[in-house]
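Listed below are the residues making up each chain.
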There are 2 protein chains.
Amino acid sequence: MVVELISVGTELLLGNTVNTNASFLAEKCAALGLSLYYQTTVGDNFNRLEETLQVALNRSDVVILTGGLGPTQDDLTKEVAAKVMGKALVEDTHTKERITEYFNKSQVKTITENNWKQALIPEGAIVVDNNNGTAPGIIIEENNKSIIMLPGPPNELIPMFMEEIYGYLNKLQPEIIYSQIVKLCGIGESTAETMIQDLISEQSNPTIAPYAKVGEVHLRVTAKARDEEEAKKLIKPVVKELKARFGNNVFSTDENETLEEAVIKLLTKNELTLTTAESCTGGMLAARLVNVPGVSEVFRQGFITYSNKSKRKILSVQKSTLKKFGAVSEKTAKEMAKGGVFATDSDLCVSITGIAGPDGGTEEKPVGLVYIACYINDKVTVKEFHFKGNRAKIREQSVVRALTLLRECILDVYNK
Amino acid sequence: MVVELISVGTELLLGNTVNTNASFLAEKCAALGLSLYYQTTVGDNFNRLEETLQVALNRSDVVILTGGLGPTQDDLTKEVAAKVMGKALVEDTHTKERITEYFNKSQVKTITENNWKQALIPEGAIVVDNNNGTAPGIIIEENNKSIIMLPGPPNELIPMFMEEIYGYLNKLQPEIIYSQIVKLCGIGESTAETMIQDLISEQSNPTIAPYAKVGEVHLRVTAKARDEEEAKKLIKPVVKELKARFGNNVFSTDENETLEEAVIKLLTKNELTLTTAESCTGGMLAARLVNVPGVSEVFRQGFITYSNKSKRKILSVQKSTLKKFGAVSEKTAKEMAKGGVFATDSDLCVSITGIAGPDGGTEEKPVGLVYIACYINDKVTVKEFHFKGNRAKIREQSVVRALTLLRECILDVYNK
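Residues numbered from 1 in each chain as written. Chains lettered and ligands numbered in written order. Predicted model: local features only at pLDDT ≥ 70, side-chain atom pairs only at ≥ 80, totals over all residues. Heavy atoms only, no water.

Stated precisely, the cut-off is as follows: UniProt positions are given in the numbering used here, feature names are shortened, and annotations may be inferred rather than shown by experiment.
By the naming in an unreviewed UniProt entry, chain A goes by Putative competence-damage inducible protein and is assigned to Candidatus Galacturonatibacter soehngenii. The UniProt entry for chain A carries this comment under Sequence similarities (unreviewed entry): "Belongs to the CinA family."

### A short note on the packing of aromatic side chains
Threshold: Only centres within 6.5 Å qualify two rings of Phe, Tyr or Trp (six-membered ring in Trp) as a pair; their planes then separate them into stacked at under 30 degrees, edge-to-face at over 60, and tilted for everything else. Each helix corresponds to a stretch of at least 4 residues labelled H or I by DSSP, and each strand to a stretch of at least 2 residues labelled E; elements are numbered beginning at the N terminus. The buried label applies to any residue whose accessible area, calculated with a 1.4 Å probe on protein chains only, is under 20% of its type's maximum; exposed applies above 50%, and partly exposed to all values in between. We count a charge as sitting over a ring when the NZ of a lysine or the CZ of an arginine lies within 6 Å of the ring centre and within 35 degrees of the ring normal.
By the definition in use, this model includes 12 aromatic pairs over all chains. Pairing A:Phe24 with A:Phe161 gives two aromatic rings, centres 5.7 Å apart and planes at 80 degrees, and the pair type is edge-to-face. Here A:Phe24, found in helix H2 (residues 20–31), pairs with A:Phe161, found in helix H6 (residues 154–172); they are 137 residues apart in sequence, far enough to count as distant. A single burial state applies to A:Phe24 and to A:Phe161, both of which are buried. Pairwise contacts between aromatic rings join A:Phe24, A:Phe161 and A:Tyr166 into one cluster. Above the plane of the ring of A:Tyr38 lies A:Arg59, whose end atom (NZ or CZ) is 3.5 Å from the centre. Here the basic side chain of B:Lys96 rests over the ring of B:Trp116, its NZ or CZ set 4.9 Å away from the ring centre.

### Focus: the domain arrangement of chain A
Frequently, the measure chosen for interface size is the accessible area removed from exposure when the parts meet. Residue and element names in this part refer to chain A. For clarity, the cut-off: Start and end positions for the domains come from either an automated domain assignment or a database one. By the convention used here, residues are in contact when the closest approach between their heavy atoms is within 4.5 Å. Two parts placed together each lose some accessible area; with a 1.4 Å probe, that loss summed over both constitutes the buried area. Throughout this description, the term salt bridge denotes a Lys or Arg side-chain nitrogen within 4 Å of a carboxyl oxygen of Asp or Glu. Polar here means any residue other than Ala, Val, Leu, Ile, Met, Phe, Trp, Tyr, Cys and Pro, which are nonpolar, and Asp, Glu, Lys and Arg, which are charged; Gly is therefore polar.
When the domains of chain A are assigned, the result is domain 1 (2–172), domain 2 (176–252) and domain 3 (259–414). Look at where the C-alpha atoms of domain 1 and domain 2 centre, and you get two points 32 Å apart. Facing the 7 residues of domain 1 at the interface are 7 residues of domain 2. Summed over both partners, the interface of domain 1 with domain 2 comes to about 560 Å²; 43% of that surface belongs to carbon and sulfur atoms. Of all residues in domain 1, Glu27, Ala31 and Asn170 give up the largest surface area on contact with domain 2, accounting jointly for 69% of the area buried on that side. Along the contact surface separating domain 1 from domain 2 lie 1 salt bridge. A salt bridge links Lys213 to Glu27, with the nearest nitrogen and oxygen atoms 3.3 Å apart. Among the elements that take part in the side of domain 1 that touches domain 2, H2 stands out by supplying 4 residues, more than any other. Across the side of domain 1 that touches domain 2, the residue classes tally to 3 nonpolar, 2 polar and 2 charged.

### Digging into the interface of chain B and chain A
What counts, and what does not: Any two strands with at least two DSSP-identified bridges between them are counted as paired.
If you look at the interface, chain B gives 74 residues, while chain A gives 76 residues. Regarding the contact of chain B and chain A, the summed buried area is about 6000 Å², with carbon and sulfur atoms giving 52% of it. The tally of links between chain B and chain A comes to 3 salt bridges. Notably, a salt bridge pairs A:Glu51 with B:Arg59, separated by 3.8 Å at the nearest N-O pair. For the side of chain B that touches chain A, a count of residues per class yields 28 nonpolar, 29 polar and 17 charged. Pairing of strand E2 (residues 35–42) of chain A with strand E2 (residues 35–42) of chain B involves 5 bridges; the strand directions are antiparallel. Within E2(B), the residue paired with A:Gln39 across the bridge is B:Thr41.

Shown next, in the form of structure tokens:
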């Protein structure tokens, strides 16, 4: 089955926004075994969108449109799709109620007349509720073709796609595609790929495809079969082999589980409490941990100690350490981690101190130098990293490596 | 003049790579005043690429292709372009020399037979040297149309574009586009649009286009003119009018300035130091502030007080407050902000406490209820919010609203 993506939005044509929706949807379509040959981006222009949609419908079975479902005059995806499919736009009572409800709960925003535009739906279309915004998703089915319209903001599109559209697309398929993910941390893409080159070359069904993420490698094992049971049977020995080869580098085989979730799970299982002590990442590590619902059982407080004074005052880093070795040093990282445990009576503390740039680097301590330490059971482990990239990238890599070190240290002590 | 982008690469269709080249090129084309109506992504497939290029050439003056210039068999952008333009591929001595030179300088790589494929150029084409790789850029000019082929890796494409292609495109142009942004916070998109509906309807040059971001609205004012000076003249009164209508809601008119940068600038200007005290956002606010280089002058430490105990111990929130009003209350938010100032001797503290969900909500205190307080000059301001969406969205909105409140409180006291 052939699917095609159309991204709608003048902000994409002006380069204001990077189209992350396209790569997200493309990856999910690949996971579903759908053939995706074209992605097109067009602006908020009726005629050009109409023409693009016509071309896409002629050559593909499913067309996914993203964006242009907002309340303003220049949002016209729905209007174009309705015209192309010969449908009238009618007010959907259910959606109108949801919009009213949304605004009643929001004290910031007030309903304006143009908001009701979002309650207009092409006649006979399937309405997909939006739990994170006011624009519902819309599916029009006609002559064995489907047009799927999704809201543009990724925080609305992603949950809607995962909750509703993924299953919808899978059901359209004649042959079942089933895939499982094996998520690795603490290993690079090239190394991982080399370790399974024989498996990648040998296999045609299931296939193994590696995806590099920041500090992680995801291996997607995908099988085609008549039914899910048969596909699972094909996948099982491959996943087993991957687990055997990568051992503790495997942190999850769950599609939705993040590295921070895996770490929180490990902490919860071992009834451990954690503190964070961050310098250059300034709260990013804590923020990622707090992404996980139920984190409060194991993570109760964290510190951002950006200045030397705060490292001393809050985490009891010694003045002499800062003077002799500097704030970005193995010794400071160690003392930060130890200080975090003692300040809060937690079981563990992970600390990060480094030079995220663009300024502050020297010959001896260049931008990208980061020390990460973990204190557990009176023992402190520290690692030195040299990250590449800009400020944001260095900080992001630091956070992933801190989670990875945290995981390693817990596994080291508790081995479960 | 109309330009069109074609991104070539199966990795884009599989979602392995986010297409940042498209947004980079789109932004530059907008800055050059080129009209960009379509961006298309196709895989490494001869027929589909040929068809896509034909369609693009029929409707646009300039077609920029990225990717598919590598040495392997599946790289075929050049081959397709040569066929479409009826040109033979001939070996370019200059490029062959450069490739040899490149490999001589590289200790890692050795020349293989397929590398010479990169020295083949369509007859009569302009060769653009690649200072960061082996694939040269290629320009084919014919019948007032230009095909520009650029290498896919951003670290090769970006310098080549800025050094050679930007100037090339500028010379093709009879007329320029110039745009300016007006960034708003503390106001919703619909409200903002309603407030300037008359301006939007009236104007054709310059145009005003609103973009909704989380907690922000960006208004882009764009003018077409013979030169930059004239375009600026057209834009000036419109920007002035927008500033007058939105007053303190305008936090920046700088293309690259973020809300956190505007806030840090305000703190720096008034020589104020800031502390953060976060509960449900768990470090996200601090992480956003620390995104700004040079933040260390005004932001030295922050606290993540997720548990009641840490709120008491670190921020001196009263036991009776937590007992009587709960952790998510106006009073707790106020005491957190006050406690943050006193714990660190800062001038300001902004605090966030709320229910980000999915669990923890009650009838009285539903998911999405967030209190944000700001303490400055012995005065504490607190606001109650009811945010919609999932955990991530509630937290993201909380952070933007905290930055907005912080900004309001500083402006209130210092009015500059």
